[in-house]
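Here is how the chains run, residue by residue.
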Amino acid sequence: MIKYTVEWHDKAERWDVVRWTETVEGVYAGTTVDRCAILEDAEEICAYHTDMMNPALWAEVESKFDREMA
């Protein structure tokens, strides 16, 4: 399962959007996907990535598109 969080980077004094994936051993490994100076920007990017992972959201969008084409 993939999760996205906003983390404060102490040394660089910035906000990082981090993608967390579970490894085979069951621990989570984090990868920075974006860097921001402002917390609100980082939270917005994190929410965007989280929404992209939501299949229910995309099923609804697909249904609307299908109805318009019919």
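Computed from a predicted structure; not experimentally measured.

What counts, and at which threshold
Residues numbered from 1 in each chain as written. Predicted model: local features only at pLDDT ≥ 70, side-chain atom pairs only at ≥ 80, totals over all residues. Heavy atoms only, no water. Salt bridge = Lys/Arg side-chain N within 4 Å of Asp/Glu carboxyl O. Pairing = 2+ DSSP bridges. Helix = DSSP H or I, 4+ residues; strand = E, 2+ residues; numbered from the N terminus. Axes fitted to C-alpha atoms, helices over the stretch in contact; angles between N-to-C directions. Contact = heavy atoms within 4.5 Å. Core = buried A, V, L, I, M, F, W, Y, C linked by side-chain atoms within 4.5 Å. Buried < 20%, exposed > 50% of the residue type's maximum accessible area, 1.4 Å probe, protein only. Patch = residues over 30% accessible without salt bridge, like charges linked within 9 Å, V, L, I, M, F, W, Y side chains within 5 Å. Areas by Shrake-Rupley, 256 points an atom, 1.4 Å probe, with all protein chains shown as cover. Lys, Arg positive; Asp, Glu negative; His and termini not counted. Charge placed at Lys NZ, Arg CZ, Asp CG, Glu CD. Polar contact = N/O pair within 3.5 Å; in protein donor to acceptor, adjacent residues only side chain to side chain.

Caption draft 1: Representation of the pattern of salt bridges. Within the structure shown, the criterion is met by one salt bridge. The partner of Asp16 in a salt bridge is Arg14, and the shortest N-O contact between them spans 2.7 Å.

Caption draft 2: Just the sheet that holds strand E3 (residues 28-36), in detail. With antiparallel pairing, the three strands of this open sheet are ordered in space as E1-E2-E3. Edge positions in the open sheet fall to strand E1 (2-9) and E3, since each of these has one partner strand only. Geometrically, the sheet is characterised by an average inter-axis angle of 30° between neighbouring strands, direction not taken into account. Pairing analysis gives eight bridges linking E1 to strand E2 (residues 14-22), with the strands arranged antiparallel. Paired with Thr5 across the two strands is Val18, which belongs to E2. Against the sheet, helix H1 (residues 39-52) touches E1, E2 and E3, its axis set at about 170° to E1.

Caption draft 3: Molecular detail of the nonpolar core. Core analysis: the largest hydrophobic core is formed by five residues, namely Tyr4, Val17, Cys36, Ala42 and Cys46. Excluding its chain neighbours within four sequence positions, the residues that come into contact with Ala42 are Val6, Trp15, Val17 and Cys36.

Caption draft 4: Looking closely at a negative patch on the surface. A contiguous patch of negative charge on the surface is contributed by Glu40, Asp41, Glu43 and Glu44. Structurally, Asp41 can be placed in helix H1. A relative accessible area of 38% means that Asp41 is categorised as partly exposed.

Caption draft 5: Representation of the side chain of Asp16 within the structure. In this fold, Asp16 is placed in strand E2. By relative accessible area, which is 5% here, Asp16 ends up buried. In terms of polar contacts, Asp16 uses its side chain to reach the side chain of Arg14, at 2.7 Å. When sequence neighbours within four positions are dropped, the list of residues in contact with Asp16 reads Thr5, Val6, Glu7, His9, Thr32, Asp34 and Arg35.

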